[in-house]
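The lines below spell out each chain.
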Amino acid sequence: MDMGIIEKMRLDGKKIFVTGGARGIGKSVATAFAQAGADLAIVDVDMEEAKRTADQLAAENGVETIAVKTDVTKPDEVDAMIETILSKFGRLDVAFCNAGICMNIPAEEMTYEQWKKVIDINLTGVFLTAQAAGKVMLKQGGGSIINTASMSAHIVNVPQPQCSYNASKAGVIQLTKSLAIEWAKRNVRVNSISPGYIGTELTLNSPSLQPLIEQWNAMAPLGRMGRPEELQSICVYLAGDTSSFTTGSDFVVDGAFTCF
């Protein structure tokens with residue numbers, strides 16, 4: 001008897017890394033991967049929080065996890081991350097290249113160092129981790145890479161000034177499409193998600209962001225920010241075998257914010 005769609009969407013036995021996985025969107029999606037049966041490497045610059053998240057997911061879901069401290073802007077650290085993951089799991093099936101930052105600074109005031117930091121983490125970091133994952137997956141004969149872009153790749157956010165963030169995320173989408181084309185015939189799929197405003201614990205508890213959140217919610221068709229768990233199902237889909245014909249796509253999950 002053929003398996004039902006729910007059974008087909010499980011990730012049992014798959015080995016996945018999540019960058020920026022210690023908290024926020026990364027932790028939420030990692031939780032969904034673990035609930036679907038995948039073994040996980042939680043990758044973050046905050047080793048203490050990464051280990052806490054990894055231990056929690058292992059205890060709650062009966063999967064294998066490791067925490068790996070990595071600065072995604074440094075090629076040698078990314079290479080070491082891959083070596084650590086392969087030594088633990090033996091293979092790599094899915095990469096969620098999610099680490100990112102944002103700086104709200106007027107363009108005329110932004111320093112070169114500030115610009116470069118955002119681009120290095122959000123775009124170069126995605127390239128380095130996707131490239132490293134791709135090398136492994138090409139040798140294995142397949143895999144799935146999911147990159148975190150943003151609705152900011154499609155619109156210019158207001159009222160906050162964030163040109164470096166917007167440019168970096170637009171770059172992630174074009175990088176995703178380029179890698180998808182290069183690797184399509186070798187069974188390595190590459191897609192991106194473009195979240196709208198997501199109410200992570202850090203965002204919601206930031207006093208400086210409260211005035212902005214009020215404006216965002218007033219503009220939002222749904223009248224609210226998204227929740228991290230509302231990104232889980234699309235990532236589980238992209239990580240699994242039911243998305244075998246899906247590559248080079250960007251999935252906007254923004255409550256229709258970019259529709260006007």
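Here the structure is a predicted model, which means the values were calculated and not measured.

Participant: Looking at this model, I keep getting lost on the overall build of the protein chain. Mind explaining?
Facilitator: Along its length, the protein chain carries nine helices and seven strands. Overall, the protein chain is about 55 × 40 × 40 Å in size when its C-alpha atoms are taken along their principal axes. Accessible surface, the protein chain as shown: approximately 12200 Å² in total, 55% of it carbon and sulfur. One way to put it: in the protein chain the 23 positive side-chain charges average out to a point 5 Å from where the 29 negative ones average out.

Participant: How do you make sense of the state of the cysteines when you look at a structure like this?
Facilitator: Disulfides are covalent bonds that connect the sulfur atoms of two cysteines. This model, assessed by the stated rule, comprises zero disulfides. Here Cys97 stays free of any disulfide, with the sulfur of Cys235 as its closest cysteine sulfur at 11 Å.

Participant: What should I look at first to understand the pattern of salt bridges in this one?
Facilitator: Two side chains bearing opposite charge may form a pair once their charged atoms approach each other closely. In this structure the tally under the stated criterion is 14 salt bridges. Residue Lys14 is joined to Asp241 by a salt bridge in which the shortest nitrogen-to-oxygen separation is 3.2 Å. Here Lys14 is found in the loop between helix H1 (5–8) and strand S1 (15–19), whereas its partner Asp241 is found in the loop between helix H9 (232–239) and strand S7 (250–253), with 227 residues between them in sequence. Here Lys116 ties to Asp120 by a salt bridge, and the two come within 2.7 Å at their closest N and O atoms. One end of the pair, Lys116, and the other, Asp120, are both in helix H5 (residues 112–140), four residues apart, so they sit about a helical turn from each other.

Participant: Help me out: how do you make sense of helix H6 (residues 163–183) in this one?
Facilitator: An α-helix turns once every 3.6 residues. As a result, residues three or four positions apart point the same way. The first and last C-alpha atoms of H6 sit 30 Å apart over 21 residues, in line with the 30 Å expected at 1.5 Å per residue. For H6, the set of buried residues is Ser164, Tyr165, Asn166, Ser168, Lys169, Val172, Ile173, Leu175, Thr176, Leu179, Ala180 and Trp183. Check the buried side of H6 and you find it contacts H5, strand S5 (143–148), strand S6 (188–195) and S7.

Participant: Would you take a moment to explain the packing of helix H2 (residues 24–35) against helix H3 (residues 47–61) for this structure?
Facilitator: Relative placement of two packed helices is described by the angle separating their axes and the distance separating the axes. Direction vectors running N to C along H2 and H3 enclose 30°, while the axes themselves pass 10 Å from each other. On the basis of the axis angle, H2 is roughly parallel to H3. Where H2 crosses over H3, the handedness of that crossing is right-handed. Between H2 and H3, the contacting residues are Lys27, Ala30, Thr31, Ala34 and Gln35 on the first element and Thr53, Gln56, Leu57 and Asn61 on the second. Split into classes, the residues belonging to the contact of H2 with H3 amount to three nonpolar, five polar and one charged.

Participant: Sorry, what's going on with the packing of aromatic side chains here?
Facilitator: How two aromatic rings sit relative to each other is given by the distance of their centres and the angle of their planes. In the structure shown here, the tally under the stated rule is four aromatic pairs. On the numbers, 3.9 Å between centres and 5° between planes, the contact of Tyr197 with Trp216 is stacked. One end of the pair, Tyr197, is in the loop between S6 and helix H7 (201–204); the other, Trp216, is in helix H8 (residues 210–219), and 19 residues separate them in sequence. By the burial criterion, Tyr197 is buried, and Trp216 matches it.

What counts and how
Residues numbered from 1 in each chain as written. Predicted model: local features only at pLDDT ≥ 70, side-chain atom pairs only at ≥ 80, totals over all residues. Heavy atoms only, no water. Helix = DSSP H or I, 4+ residues; strand = E, 2+ residues; numbered from the N terminus. Areas by Shrake-Rupley, 256 points an atom, 1.4 Å probe, with all protein chains shown as cover. Lys, Arg positive; Asp, Glu negative; His and termini not counted. Charge placed at Lys NZ, Arg CZ, Asp CG, Glu CD. Disulfide = S-S within 2.5 Å. Salt bridge = Lys/Arg side-chain N within 4 Å of Asp/Glu carboxyl O. Expected span 1.5 Å × (residues − 1). Buried < 20%, exposed > 50% of the residue type's maximum accessible area, 1.4 Å probe, protein only. Contact = heavy atoms within 4.5 Å. Axes fitted to C-alpha atoms, helices over the stretch in contact; angles between N-to-C directions. Parallel < 35°, antiparallel > 145°, perpendicular 65-115°, else oblique. Left-handed = near helix turned anticlockwise from the far one by under 90°. Nonpolar A, V, L, I, M, F, W, Y, C, P; charged D, E, K, R; others polar. Phe/Tyr/Trp six-rings, centres within 6.5 Å; stacked < 30°, edge-to-face > 60°.

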